[in-house]
Amino acid sequence: LAVALLLALVPVALLRLSSSGLPFAGTRATLSYGAGASRSRLSLAATKDKVKEDKKQEQDEKAQPRGAESVKIATREADYAQWYLDVIAAADLISDAPVRGCKVLRPNGFAIWENIQRFMDPKLRKMGVQNAYFPLLIPVSFLAKEAAHVEGFAKECAVVTHHRLKSVPAEMGPDGKMKPASVDVDPDSKLAEPFVVRPTSETIVWHMYGQWIKSYTDLPLKMNQWVNVMRWEMRTRPFLRSSEFLWQEGHTAHATKEDADQQARDALKLYIELAQDQLALPLFPGRKSDRERFAGADETYTIEALAQSGMAIQAGTSHFLGQNFAKAFDVTFETQEQTKEFVWATSWGVSTRLIGAIIMAHSDDTGIILPPVVAATQVVILPMFSKDPAIQANVLKAAEDLRDTLENNGFRVDIDYRVDVRPGAKFFTYERKGVPLRLELGPRDLEEGIAMGKRRTGGDKVKIQLSNAAQEVRAQLDGVLKDLRARSDALRERLTTRIHSREEFDARLKEREIGMMKVPWGGNDEDEEKLQEDTGITLRCYPLQQDPLPEGEVCPLTGKPSRIWALFAKAY
């Protein structure tokens, strides 16, 4: 909204100021469910000739729905890139915006981000982090204070140079045709200092921290904001890379190096809990190389996810910033010994890129598959149609009672009241929307005191006892998450290769799904850069869990003595 308002009221000169490129980028945790669902009602006065009772339910499984739901999804095997776009379209997650590189997040898409926020906010509070908001516009001079930082973001910045428009009246053109009235930039409104539209907030945060931090009693200072950022990308892909995206960014200040580094590691642990335990992504936590670390950071920790295509996705990052920003903005504190010291800093974040990682890791040729914790609707109830109005009324009443029971236990539930759509078409719709659990409720089910459940991850239908619905639904949703974890484990195992020679490395590059290549690395920044130039492969991270290197191991890619295990892959 802030960017939309800005673009509506303020002329923006988009100047090309390195494609540093990527956005900011444990134990099993129990699912956290939120409540809320539609309360729509439908009249029972459906005529018999309008709807025919479904007598061949199994044949209806392949029935094609109408309208937007008829989007044909390409197969992953035939065209993975088009499959990804089709899955997004079929699930109604986004629409194109009239601004290059930007998308409109539709309710189904935005709900995923909202549920990520609902999961993370209580965790952040337990870490002592408070939510705040910092301005969208940042003076250009602020970026210049930290040289490495400005070098990393300069070419991606959108720059505001003027502060108002002016009306241009209609006039006759030289060709004799009337030009309609319009608006243009008022040249007299040029700003004394231009502003960049927030690409990240370290500079303005540390400007403010310099005003707030005076003593050791003010530390640690931990803040987070949920905002939009803009990075003027040349090539975009929905969720994975766009000019504007949503994220959370945490910024903390500490009295000691040890405390700051621990904070950066704690943030990474939270991201692992979210991405690996709750979103069931095939994950590789690690540490970035010097060449790949965040501009202005001393250390960058990362979570790298693996897509079914065998490519990597940087899903979140946490940065130990050292004292770089404190020195750039002169942020000091008085110690207990009454000496002046620069503070130590961290910043960390995840973005809507996580949604792209979920789609690429879990979805199938039918459509999107969502982990229950982030699904907009976790359970959809489908009351089956009956010709008898009294029986139909009983079925609908039972469906609403079931919904109320589930919502009261914290589940997000919807009922499909439509009587003019056959069951198979409904099944097809909710599979494409990724609803984790479908509950079918018909007259005979009601007589038996059950609903028939079907997981989006597959398997046979199961009986859900209405008298114990909340507990059994929770077990089924936990089962969906377990299914996704098992699939991710299998994907990670299948697409991780230990490289012993350059020939083996080159052979792997010819595979359709390259995956992660684990290399006993001995190269430096120049070796890493040349490898990327020659192959398009990047060093994704040094895994946090390092196996011992065999004695005398030589790096198969450089011929130099190996010093650390590294993961290489092609990345989005």
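Quick note: structure is the one above.
Computed from a predicted structure; not experimentally measured. Throughout this description, residue numbers start from 1 for each chain and increase along the sequence as written. Reporting of local features is limited, given that this is a predicted model, to residues whose pLDDT is at least 70; pairs of side-chain atoms are given and counted only at 80 or more, and all residues count toward the totals for whole chains, interfaces and linings. Computation of side-chain values covers all heavy atoms of the structure but excludes hydrogens and water.

**As for the overall build of the protein**
Okay, step 1: In this description a helix means any DSSP run of H or I spanning at least four residues, a strand means any run of E spanning at least two, and both kinds are numbered starting from the N terminus. The helix and strand inventory of the protein stands at 16 helices and 27 strands.
Okay, step 2: Residues classed as buried in the protein amount to 53% of the 572 residues present. When a residue's accessible area, from a 1.4 Å probe over protein chains only, is under 20% of the maximum for its type it is buried; when over 50% it is exposed; and in between it is partly exposed.

**A closer look at unusual backbone geometry**
Okay, step 1: For the peptide bond that leads from Leu219 to Pro220, omega is -5 degrees, which places it in the cis range.
Okay, step 2: Within the secondary structure, Pro220 sits in the loop between helix 7 (202-212) and strand 11 (221-230).
Okay, step 3: In this model, Asp92 sits at a positive phi of 55 degrees, which is unusual for a non-glycine residue.
Okay, step 4: Of note, Asp92 is situated in the loop between helix 3 (80-90) and strand 1 (94-96).
Okay, step 5: Located in the positive-phi region is Ala280, a residue other than glycine, with phi close to 55 degrees.
Okay, step 6: The topology assignment puts Ala280 in the loop between helix 8 (257-278) and strand 13 (283-287).
Okay, step 7: Ala280 sits in the buried class, given a relative accessible area of 1%.

**Let's talk about the nonpolar core**
Okay, step 1: In plain words, nonpolar cores are sets of buried Ala, Val, Leu, Ile, Met, Phe, Trp, Tyr and Cys residues tied together by side-chain atoms within 4.5 Å. Within the largest apolar cluster, 57 residues are counted, with the highest numbers of intra-cluster contacts made by Leu93, Met120, Leu281 and Ile359.
Okay, step 2: Mapped onto this core, the elements with two or more residues apiece are helix 3, helix 4 (107-126), helix 8, strand 14 (299-306), strand 15 (312-322), strand 18 (344-351) and helix 10 (353-362).
Okay, step 3: With 9 residues, the top contributor of residues to this core is helix 8.
Okay, step 4: Residues Phe142, Val159, Trp206 and Leu221 belong to the second largest nonpolar core, which totals 27 residues.

**Let's talk about a nonpolar patch on the surface**
Okay, step 1: Each patch groups residues whose relative accessible area exceeds 30% and which form no salt bridge, using 9 Å between like charges and 5 Å between nonpolar side chains of Val, Leu, Ile, Met, Phe, Trp and Tyr. Surface exposure here means Shrake-Rupley accessible area, sampled with a 1.4 Å probe, where a residue is shielded only by the protein chains that are shown. Salt bridge, as used here: a side-chain nitrogen of Lys or Arg that lies within 4 Å of a carboxyl oxygen of Asp or Glu. A cluster of nonpolar residues, Leu165, Val183 and Val185, forms a patch on the protein surface that exposes about 220 Å² of accessible area.
Okay, step 2: Of note, Leu165 is situated in strand 6 (residues 165-168).

**Considering the pattern of salt bridges**
Okay, step 1: Applying the stated rule across the entire model yields 32 salt bridges.
Okay, step 2: Ionic pairing is found between Arg438 and Glu431, a salt bridge with its closest N-O pair at 3.7 Å.
Okay, step 3: Here Arg498 ties to Glu553 by a salt bridge, and the two come within 3.3 Å at their closest N and O atoms. With a gap of 55 residues between them, Arg498 in strand 24 (residues 496-498) and Glu553 in the loop between strand 26 (538-543) and strand 27 (564-569) connect regions that are remote in the sequence.
Okay, step 4: Its relative accessible area of 26% is what places Arg498 among the partly exposed residues.
Okay, step 5: Through salt bridges with shared partners, a single network forms among Arg287, Asp290, Arg293 and Glu299.

**Quick notes on the environment of Ile358**
Okay, step 1: Mapped onto the fold, Ile358 is located in helix 10.
Okay, step 2: In sequence terms Ile358 and Leu306 are 52 residues apart; their C-alpha atoms lie 9.8 Å from each other.
Okay, step 3: Excluding anything up to four places from it in sequence, Ile358 contacts Leu279, Leu281, Ser363, Ile369, Leu370, Pro371 and Val374. In this description, contact between two residues means that some pair of their heavy atoms is separated by no more than 4.5 Å.

**A few points about the side chain of Ser562**
Okay, step 1: Along the chain, the position of Ser562 falls in the loop between strand 26 and strand 27.
Okay, step 2: The exposure class of Ser562 is buried, given its relative accessible area of 15%.
Okay, step 3: A polar atom in the side chain of Ser562 sits 2.7 Å from the backbone oxygen of Pro520.
Okay, step 4: A polar contact of 3.0 Å, which involves the side chain of Ser562, links it to the backbone nitrogen of Cys555.
Okay, step 5: If sequence neighbours within four positions are ignored, Ser562 has contacts with Pro520, Trp521, Gly522, Leu549, Glu553, Val554 and Cys555. Polar contacts, as used here, are pairs of N or O atoms within 3.5 Å; protein pairs need one atom able to donate a hydrogen and one able to accept it. Residues neighboring in sequence count only if both atoms are side-chain atoms.

**Here's the deal with the sheet that holds strand 12 (residues 244-254)**
Okay, step 1: By the convention used here, strands pair only if DSSP detects at least 2 bridges between them. Strand order in the open sheet made by the 11 strands is 3-11-12-18-15-14-13-26-27-25-24, with mixed pairing throughout. Each having just a single partner strand, strand 3 (130-131) and strand 24 make up the two edges of the open sheet.
Okay, step 2: Note on method: axes are straight lines fitted to C-alpha atoms, helices fitted across the in-contact stretch only, with angles between N-to-C directions ranging 0 to 180 degrees. Strands in contact with helix 14 (residues 469-494) are strand 13, strand 14 and strand 24; relative to strand 24, the strand with the most contacts, it is inclined by about 30 degrees.

**Considerations on the sheet that holds strand 23 (residues 462-465)**
To summarise the sheet geometry, strands pair through backbone hydrogen bonds and adopt either a parallel or an antiparallel arrangement.
Okay, step 1: The strand order 20-19-21-22-23 describes an open sheet built from 5 strands, whose pairing is mixed. Looking at strand neighbours, the two that pair on one side only are strand 20 (413-415) and strand 23, the edges of this open sheet. If you compare each strand with its neighbour and ignore which way they point, the axes differ by 30 degrees on average.
Okay, step 2: Pairing of strand 22 (residues 450-455) with strand 23, which is carried by 4 bridges, proceeds in the antiparallel orientation. For Ile450, the partnering residue across the bridge sits in strand 23 and is Gln465.
Okay, step 3: Together, strand 19 (379-383) and strand 21 (437-441) form the strand contacts of helix 12 (residues 423-432), whose direction differs from that of strand 19 by roughly 175 degrees.
Okay, step 4: Lying on the sheet, helix 14 is in contact with strand 19, strand 21, strand 22 and strand 23; it crosses strand 23 at an angle near 145 degrees.

**Notes on the packing of helix 3 against helix 10**
Okay, step 1: Where helix 3 contacts helix 10, the two axes come as close as 11 Å, and the packing angle between them is 115 degrees. In the packing of helix 3 onto helix 10, the handedness of the crossing is right-handed. Within the contact between the two elements, helix 3 uses Tyr80, Trp83, Tyr84, Val87 and Ile88 and helix 10 uses Gly356, Ile359 and Met360.
Okay, step 2: Each residue gets one of three labels, nonpolar for Ala, Val, Leu, Ile, Met, Phe, Trp, Tyr, Cys and Pro, charged for Asp, Glu, Lys and Arg, and polar for the others, Gly among them. Broken down by class, the residue content of the contact of helix 3 with helix 10 amounts to 7 nonpolar, 1 polar and no charged. Should the near helix be turned counterclockwise from the far one by less than a right angle, the crossing is left-handed, whereas a clockwise turn marks it as right-handed.

**Here we look at the packing of helix 4 against helix 8**
Okay, step 1: It is at 11 Å that the axes of helix 4 and helix 8 come closest, and there the two elements cross at 145 degrees. Crossing hand, helix 4 versus helix 8: right-handed. Contacts between helix 4 and helix 8 pair Ile116, Phe119, Met120, Lys123 and Leu124 from the former with Leu270, Tyr271, Glu273, Leu274 and Gln278 from the latter.
Okay, step 2: Looking at side-chain class alone, the contact of helix 4 with helix 8 contains 7 nonpolar, 1 polar and 2 charged residues.

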